[in-house]
Amino acid sequence: MFQTLYSYFWWERLWLPANLTWADLEDRDGRVYAKASDLYITLPLAFLFLVIRHLFETYVATPLAGLLNVKEKIRLKATPNAVLEKFYAATTKHPKQADVEMLSKKSGCTVRQVERWFRRRRNQDRPSLLKKFREASWRFTFYLIAFIAGMAVIVDKPWFYDLREVWKGYPIQSMLPSQYWYYMIELSFYWSLLFSIASDVKRKDFKEQIIHHVATIILISFSWFANYIRAGTLIMALHDSSDYLLESAKMFNYAGWRNTCNNIFIVFAAVFIVTRLVILPFWIMHCTVVYPLDLYPAFFGYYFFNFMMVVLQSLHIFWAYLIIRMAQKFITGKARGGLGMARGSQSHGVVEDERSDREETDNSEEEEEAAKNGPLSNGHPVLNNNHRKTD
């Protein structure tokens, strides 16, 4: 049965145009072609990426956070309470008013104390600012290096300037060593992102992130199997062109460099919209949908590849909507999370990540602390501490 399924899976008509077989893509005369077995190496490389990431975050990102004065906000812990903890873990982290009143009777706490307990308990589960900074630093470093490497791989190729060259001689297109390593590193990195997504900072688009990683892995793998390597390298480099800008904006946001964060974000938004909503659909997807039909009839692989491209494009539209909302708030001066300046001067707006799980403030506790010591920020008195850290 396994052999039958294996034969159906690798049936040439699924992966290759008519009148072509896998034998046509066997290495000969010094020409090397992509093979499915090449991708086995990406799984151990993904775990190697996780090790490198841990070392990077420990020995590079953490000291960098210290240099940039990334500070943690002091979080008050919820008082141990078995009744409330059981409800929090088993039922919901956000109880309704009726639940709060019921828990108040069961736990012997007042309604106000129950509400405060849940706020503090939720804040305990939220990722720290240092964790966010370390993750953004790692992704920024990879995306920047990947973009530079990707451009080095494709900038001197004729299909970078003339998209019809992408399909010249397809599928009998030999693979270059630079293309091999570009593919292996990119695919390994996305495997590592998928493996670590459960422990990484969770945002509101958590499900979309999983869909994106899975779709990207399938697209990269399929384009390798079907020898869509030229199109694949263009698509990967296009995606890397804006990602490092977003991660750098996050880093500066966590460090409190609001103006720098805002300026980088505006550049990121422009690059994202141009690359993902203009170049990708009207140049790259036009190249993968229209040009191949001049050479061969459509086959399953053609439909599958372009279907996955549509899935990715749909995610880009979703994220573009969030980005435009953030940019609109910034431009109109309605962005929240302004960094309070000393001596009561006007605060700077900071673009807020719409995907963020915002930390809740405990107003009653702040009032108690203020009555004793004045407003606190990381344990030190300040003149204005009504801002909120944003992602």
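Everything quoted here is computed from the prediction, not taken from an experiment. (Residues numbered from 1 in each chain as written. Predicted model: local features only at pLDDT ≥ 70, side-chain atom pairs only at ≥ 80, totals over all residues. Heavy atoms only, no water.)

> Which parts of the structure should I look at to understand the nonpolar core?
A general tendency of soluble globular proteins is for nonpolar side chains to be buried together. Of all hydrophobic cores here, the largest spans 74 residues; its most connected members are Val 166, Trp 167, Trp 224, Tyr 228, Ile 284 and Met 309. No other element matches the twelve residues that helix 12 (residues 300-331) contributes to this core. Aside from chain neighbours lying at most four places away, what touches Met 309 is Leu 219, Ile 235, Leu 280, Ile 284 and Met 285. (Core = buried A, V, L, I, M, F, W, Y, C linked by side-chain atoms within 4.5 Å. Buried < 20%, exposed > 50% of the residue type's maximum accessible area, 1.4 Å probe, protein only. Helix = DSSP H or I, 4+ residues; strand = E, 2+ residues; numbered from the N terminus. Contact = heavy atoms within 4.5 Å.)

> Got a minute to help me understand the side chain of Ser 241 in this structure?
Mapping Ser 241 onto the fold places it in helix 10 (residues 229-255). For Ser 241, a relative accessible area of 10% gives the class buried. Here the side chain of Ser 241 touches Leu 238 through a polar contact of 2.5 Å, landing on its backbone oxygen. With residues near it in sequence (within four places) discarded, Ser 241 still touches Phe 147, Val 271 and Thr 275. (Polar contact = N/O pair within 3.5 Å; in protein donor to acceptor, adjacent residues only side chain to side chain.)

> Explain the packing of aromatic side chains to me, please; I cannot follow it from the model alone.
The geometry of two aromatic rings is summed up by the distance between their centres and the angle between their planes. For the structure on display, the rule yields 37 aromatic pairs. Ring geometry for Phe 49 and Phe 189: centres 5.9 Å apart, planes at 80 degrees, overall edge-to-face. Separated by 140 residues along the polypeptide, Phe 49 in helix 3 (residues 42-67) and Phe 189 in helix 8 (residues 177-196) bring together distant segments of the chain. Both residues of the pair, Phe 49 and Phe 189, belong to the buried class. (Phe/Tyr/Trp six-rings, centres within 6.5 Å; stacked < 30°, edge-to-face > 60°.)

> Before we go on, may I ask you to explain the UniProt feature "transmembrane region" (unreviewed entry) in the chain in this structure?
Per the UniProt record, "transmembrane region" (unreviewed entry) is found at residues 39-56, 140-160, 210-229, 264-284 and 304-324. Counted over residues 210-229, helix gives 85% and strand 0%. Its end C-alpha atoms are 24 Å apart. Counted over residues 264-284, helix gives 100% and strand 0%. Its end C-alpha atoms are 26 Å apart. (UniProt positions renumbered as here; feature names shortened; annotations may be inferred.)

> For this particular structure, what's the right way to read the environment of Trp 319?
Take Trp 319: it is sitting in helix 12. It is 9.5 Å that separates the C-alpha atoms of Trp 319 and Phe 272, two residues lying 47 residues apart in sequence.

> I would appreciate a short explanation of the pattern of salt bridges in the present structure.
Pairing between side chains of opposite charge can happen when their charged atoms approach one another. Evaluation of the coordinates by the stated rule reveals twelve salt bridges. The partner of Arg 53 in a salt bridge is Glu 57, and the shortest N-O contact between them spans 2.9 Å. Note that Arg 53 and Glu 57 are positioned in helix 3 at a spacing of four residues, about one turn of the helix. Comparing Arg 53 with Glu 57 shows no difference in burial state: the two are buried. Notably, a salt bridge pairs Arg 139 with Glu 135, separated by 3.5 Å at the nearest N-O pair. Pair noted here: Arg 139 and Glu 135 are both in helix 7 (residues 129-154), with a separation of four residues, about one helical turn. Classification of Arg 139 as buried rests on a relative accessible area of 10%. Overall, Glu 135 belongs to the buried group, its relative accessible area being 2%. Overlapping salt bridges bring together Arg 53, Glu 57, Lys 131, Arg 134, Glu 135, Arg 139, Glu 247 and Lys 250 as one network. (Salt bridge = Lys/Arg side-chain N within 4 Å of Asp/Glu carboxyl O.)

> Any chance you could explain unusual backbone geometry here in plain terms?
Of all residues except glycine, most have a negative phi; of all peptide bonds, most are trans. A cis geometry characterises the amide bond from Tyr 170 onward to Pro 171, with omega recorded as 0 degrees. Position of Pro 171 among the secondary structure elements: in the loop between helix 7 and helix 8. Backbone geometry places Asn 69, a non-glycine residue, at a positive phi of 65 degrees. On the accessibility criterion, Asn 69 (47% relative accessible area) is partly exposed.

> What am I meant to see in the environment of Ile 148 here?
Relative to the helices and strands, Ile 148 is located in helix 7. The class for Ile 148 is exposed, based on a relative accessible area of 52%. Through-space distance from the C-alpha of Ile 148 to that of Ala 237 is 8.5 Å; in sequence the pair is 89 residues apart.

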